[in-house]
Amino acid sequence: MYVTSISSKDILRKLDGDFKQIECHFERFPDGEGYVRFDEKVKNIEEILIVQSLYYPQDEHILQLFFMIDALKDLNIKINLIIPYMAYARQDKRFKDWESVSGISLAKMIDRLDLESKYTVDIHDMKVTKAMRGENLSAMPLIADYLTNLNLRDPVIISPDKGSVERARMVADQMDAEFDHLEKTRISGDTVEIRPKEINTKGRDVAIVDDIISTGGTMAKACEVLKRGGTLKVLSGATHLLMISNAEERLIKAGIDGIFGTDSIPFKYSDITIAKIIEEIF
Ligand code: R5P
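Residues numbered from 1 in each chain as written. Predicted model: local features only at pLDDT ≥ 70, side-chain atom pairs only at ≥ 80, totals over all residues. Heavy atoms only, no water.

Draft legend 1. The pattern of salt bridges, seen in detail. If you walk through the whole model with that rule in mind, you get 18 salt bridges. Between aspartate 10 and arginine 13 there is a salt bridge whose closest N-O contact spans 2.8 Å. Taken together, the residues span about one helical turn, with aspartate 10 and arginine 13 both in helix 1 (residues 9-13) at a distance of 3 residues. Aspartate 10 gets classed as partly exposed once you look at its relative accessible area, which sits at 36%. Judged by its relative accessible area of 59%, arginine 13 falls in the exposed class. Between lysine 14 and aspartate 263 there is a salt bridge, with its nearest N and O atoms 2.7 Å apart. A residue pair is termed long-range when its members are at least 10 positions apart, and lysine 14 in the loop between helix 1 and strand 2 (20-21) and aspartate 263 in the loop between strand 14 (258-261) and helix 9 (275-281) qualify at 249 residues. Residue classification places lysine 14 among the partly exposed positions, given a relative accessible area of 35%. (Salt bridge = Lys/Arg side-chain N within 4 Å of Asp/Glu carboxyl O. Helix = DSSP H or I, 4+ residues; strand = E, 2+ residues; numbered from the N terminus. Buried < 20%, exposed > 50% of the residue type's maximum accessible area, 1.4 Å probe, protein only.)

What follows is the structure, encoded as structure tokens:
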């Protein structure tokens, strides 16, 4: 399969197997407008896979994607698309009739492009993948492999909230480990207690697994609670390491013993590669 990318060239470099890369250049004109150009050998191919992650600067990466697709369509090339990190996916609900729902709008625009196949990875809300009539893939099996290799002590996989329970369950099942999620209980008007719903993690290692670490607030809180409860090591990871502003510092301050994630967004803890998922599909 021929593959191309602008924002995820790192993932392409890690691909093993029968993949041939078609270079794609992105440049800016002096007035700030962008421009996309493929290597000339693209004109001889019939089908291609675009791997384009839509992390910051999201709007630039989105526009690159649309320019790439349009240029390839004009050459009558069949296009498959994997979006490792889908921008705007957390904007999936309309609170006022007169506002946009960015995640769904973007998904609908992608759907209208008539592509051969469309994939997201660990999407925050399936409504977005459904709006683009795509399929969602998961990095959880890769996260389970990664954690297995760490030889954690009697590990418990924890979801920081109900939203990621299925993800934590998937990781735990593969590792033959227990899983749980954190639950908030209101003790009084101004006191809320957060603790694992079922399992006592005292004297055990814990990996907290989520889809996104953004500001790090959710993970930092979870880590503090678990450490107070006598948990040994607390590792924190997610498919998408947005790691906004001082997220890393926040996690370290909370006592985190390790951070892990995928290269859907390139970051210093992106040790797990989405390339493995691509190899299985194409
Ligand atoms: C939210 O529902 C997501 O699953 C993550 O829990 C959230 O994006 C994490 O955000 P932050 O790192 O800012 O707490």
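There is more to say after this.
Draft legend 2. Layout of the domain arrangement of the protein chain. Once the domains are mapped, the protein chain shows domain 1 (2-138 + 277-281) and domain 2 (140-261). Centre-to-centre separation of domain 1 and domain 2, based on C-alpha positions: 30 Å. Facing the 9 residues of domain 1 at the interface are 11 residues of domain 2. Taken together, both faces of the contact between domain 1 and domain 2 bury some 860 Å²; the carbon and sulfur share is 55%. Of all residues in domain 1, the largest losses of buried area upon contact with domain 2 belong to Tyr85, Asp122 and Ser138, amounting jointly to 55% of the total for that side. Taken together, the links from domain 1 to domain 2 amount to 5 residue pairs in polar contact (both at pLDDT 80 or more). When its residues are assigned to classes, the side of domain 1 that touches domain 2 shows 5 nonpolar, 2 polar and 2 charged. (Domains from an automatic or database assignment. Contact = heavy atoms within 4.5 Å. Buried area = accessible area lost by both parts, 1.4 Å probe. Polar contact = N/O pair within 3.5 Å; in protein donor to acceptor, adjacent residues only side chain to side chain. Nonpolar A, V, L, I, M, F, W, Y, C, P; charged D, E, K, R; others polar.)

Draft legend 3. Focus on the UniProt feature "active site" (unreviewed entry) in the protein chain. In this structure's numbering, the residues bearing the UniProt feature "active site" (unreviewed entry) are Lys184. For lysine 184, the location among the structural elements is in strand 10 (residues 178-188). Lysine 184 gets classed as exposed once you look at its relative accessible area, which sits at 65%. (UniProt positions renumbered as here; feature names shortened; annotations may be inferred.)

Draft legend 4. The UniProt feature "domain: Ribose-phosphate pyrophosphokinase N-terminal" (unreviewed entry) in the protein chain, seen in detail. Under the feature "domain: Ribose-phosphate pyrophosphokinase N-terminal" (unreviewed entry), the UniProt entry names residues 18-111. End C-alpha atoms of residues 18-111 are separated by 28 Å, and the span's content is 29% helix alongside 24% strand.

Draft legend 5. Region of the structure containing the packing of helix 5 (residues 140-148) against helix 6 (residues 165-175). For the pair helix 5 and helix 6, the least separation of the axes is 9 Å and the interaxial angle reads 50 degrees. As the angle between them shows, helix 5 and helix 6 are arranged oblique. Here helix 5 runs over helix 6; the crossing is right-handed. Side by side, helix 5 and helix 6 meet where Met140, Pro141, Ile143, Ala144, Asp145, Leu147 and Thr148 of the first sit next to Arg167, Met170, Val171, Gln174 and Met175 of the second. In the contact of helix 5 with helix 6, the residues fall into 8 nonpolar, 2 polar and 2 charged. (Axes fitted to C-alpha atoms, helices over the stretch in contact; angles between N-to-C directions. Parallel < 35°, antiparallel > 145°, perpendicular 65-115°, else oblique. Left-handed = near helix turned anticlockwise from the far one by under 90°.)

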